[in-house]
Every structure is written in C-alpha cells, then in structure tokens.
Amino acid sequence: MAHIPDGILSLPVLVGGGVVAAGSVAVALSRLDDRMIPRAAVLSAAVFAASLIAVPVGPSSVHVLLSGLLGLMLGTATFAAVLVILLLQALLFGFGGLTTLGVNTVNIALPGVVFALLLGPSIRATASGPVRAVLSAVVGALSVLGTGGLVALSLALSSSDYTPVATVLMATYLPLALAEGFVTAAIVAFLARVEPKAMRPLAP
C-alpha cells in the first residue's frame, strides 16, 4: 500500500489522520459480525502478502492495494483490516511507520470504502457480467486514484516542499489504477460465479 514513513508528515496531519482512523476503526468494529472475522482475516492475509512487493517513489511507495475489493467484501470493516495490515508491515518489514499509521490507514481504506459503498449495490444487483466487470473495475481504479490523491494531499499539507513529489506520485498511480481495475474486475467476476454471497460486505 502507499506507505508514508515516519518523519515526513507535519504534526497536524498526523493528528488529524490518527483521529479519523481511530473513529473509522471503532465504527468498523462495532458493525463487524464476529462470525465473519475469518473472512476478514483471510482477505487481510491475502492483501498483506500481495502488497509486500512495493516500488519506492520519493518518500512513499506504490504497490497493489486491493482496497476497492476489500471495500466490496468487507464494507467499513476495511478500516480495521487495513490498520492491521499496515501495523504488521511496519513492525515486521519496516514499511511505512508507526506515527503515520493513522494517516496511511485513512489514505488507503477510505477510497475503497467510499467507492464500494457507491457502486457496490449496483454490482451486486446486476445480472449482466460485463456491467458487473466494468463497475468493479471502476471501483478498483478509482480507489487507487483516491489513495494517490490522499497521499499527495497529506504530503502537500505537511510542507510545500513536497508539492513536486506529490505531483509525481499522482502520475505513478495511473498505471497502477488500470492494473488494479482489471484485477478487481477479474476477482469479482470469479466470485460472482462460485460464491455470490462473498460480495456482501461484512460491515455495511
């Protein structure tokens, strides 16, 4: 995921991100059905493994996010899943940082949750495979672009010196958005055939 390391962001950005993340995770946990925790754990493990392949870009990095897919399958529980993933990656592999954990969680989880909430009902309701694939691809792609925008915004709000880096970051997210749109569409199409119930979010 888009990891911003320690020592980069300003204190107001860190505090703001931490507060939003804490509130979002609290809401997610309050809505999560205990019986669905195994699915959340499996999805978190899969994303954890897939996102270990990161390409450094300035003070951040880009890699597969799958936040749109998490949003479709976990709903608001995506915030809790992303928090756990980022915490483990920071502690075990030094990706990102502990002080930026809140900001990174919001930057990655929020777009996936928002676009899944907007388009998820249409994806689950349609009987057309092509329409489902297109809508799923849009969720995946826009989630990545949303994360890129939030990462860029976090850097720009912390210091004007990061504005050029923020611009470069947005450019690097374009090909990733296209790739993730394709991956998300393929996974959703597969699940729609073999296990349609998997597309119902755990914590709406």
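All of these numbers come straight from a predicted model, not from anything done at the bench.

### Description of the overall build of the protein chain
Working step 1: Helix and strand counts for the protein chain come out as seven helices and two strands.
Working step 2: Starting at the N terminus, the α and β elements of the protein chain follow one another as α-α-β-β-α-α-α-α-α.
Working step 3: Over its C-alpha trace the protein chain gives a radius of gyration of 16 Å, about what one expects of a compact globule, namely 17 Å for 204 residues.
Working step 4: In terms of overall dimensions, the protein chain has C-alpha extents of about 50 × 35 × 25 Å along its principal axes.

### Some words on the side chain of T126
Working step 1: When you line up the elements, T126 lands in the loop between α5 (101–125) and α6 (129–158).
Working step 2: A residue is classified by how much of its surface remains accessible, and T126, at 18% relative accessible area, is buried.
Working step 3: Within the structure, T126 has its side chain in polar contact with the backbone nitrogen of S128 (distance 3.1 Å).
Working step 4: With residues up to four places along the chain from it excluded, the contact list for T126 reads V131 and R132.

### Observations concerning helix α1 (residues 11–31)
Working step 1: The end-to-end C-alpha distance of α1, which contains 21 residues, comes to 30 Å, matching closely the 30 Å that a straight helix rising 1.5 Å per residue would cover.
Working step 2: All of the buried residues in α1 are V13, L14, G17, A21, S24, V25 and A28. The arc that holds every buried residue of α1, seen down its axis, measures 110 degrees, which confines them to one face. The outward face of α1, more than 90 degrees from its buried face, is lined by the exposed residues L11, P12, V19 and S30.
Working step 3: Where α1 is buried, its residues meet α4 (78–93), α5 and α6.

### Section: the packing of aromatic side chains
The geometry of an aromatic ring pair comes down to the distance between the two centres and the angle between the two planes.
Working step 1: Scanning the model with the defined rule gives one aromatic pair in all.
Working step 2: On the numbers, 6.0 Å between centres and 45 degrees between planes, the contact of F48 with F93 is tilted. Placement of F48 in helix α2 (residues 37–50) and of F93 in helix α4 is noted, with a sequence separation of 45 residues between them.
Working step 3: Judged by relative accessible area, which is 17%, F48 ranks as buried.
Working step 4: Note on F93: relative accessible area 43%, which makes it partly exposed.

### A closer look at the nonpolar core
Working step 1: With 31 residues, the main nonpolar core has L72, M73 and L74 as its most contacted residues.
Working step 2: Discounting residues that sit within four places of it in the chain, L72 has contacts with A116, G120, I123, R124, V139, V188, M199, R200 and P201.
Working step 3: If you look at the next biggest cluster of nonpolar residues, it comprises 17 residues, including I4, I8, Y162 and L176.

### Brief notes about the environment of I4
Working step 1: As for its placement among the helices and strands, I4 is situated in the segment before α1.
Working step 2: Take I4: its relative accessible area is 0%, and that puts it in the buried class.
Working step 3: The spatial distance from the C-alpha of I4 to the C-alpha of L101 is 8.6 Å, given a sequence separation of 97 residues.

### Section: a nonpolar patch on the surface
Working step 1: The grouping of V84, L87, L88, L91, L92, F93 and L98 at the surface amounts to a nonpolar patch, some 650 Å² of accessible area in total.
Working step 2: By the element assignment, L98 lies in the loop between α4 and α5.

### Thoughts on the environment of V27
Working step 1: For V27, the position within the fold is in helix α1.
Working step 2: The sequence separation of V27 and F79 amounts to 52 residues, and the corresponding C-alpha distance is 9.0 Å.

Conventions we followed
Residues numbered from 1 in each chain as written. Predicted model: local features only at pLDDT ≥ 70, side-chain atom pairs only at ≥ 80, totals over all residues. Heavy atoms only, no water. Helix = DSSP H or I, 4+ residues; strand = E, 2+ residues; numbered from the N terminus. Rg over C-alpha atoms; globule rule 2.2 N^0.38 Å. Buried < 20%, exposed > 50% of the residue type's maximum accessible area, 1.4 Å probe, protein only. Polar contact = N/O pair within 3.5 Å; in protein donor to acceptor, adjacent residues only side chain to side chain. Contact = heavy atoms within 4.5 Å. Expected span 1.5 Å × (residues − 1). Arc of directions from axis to C-beta. Phe/Tyr/Trp six-rings, centres within 6.5 Å; stacked < 30°, edge-to-face > 60°. Core = buried A, V, L, I, M, F, W, Y, C linked by side-chain atoms within 4.5 Å. Patch = residues over 30% accessible without salt bridge, like charges linked within 9 Å, V, L, I, M, F, W, Y side chains within 5 Å. Areas by Shrake-Rupley, 256 points an atom, 1.4 Å probe, with all protein chains shown as cover. Salt bridge = Lys/Arg side-chain N within 4 Å of Asp/Glu carboxyl O.

Remember that the coordinates give geometry; whether it matters functionally is a separate question.
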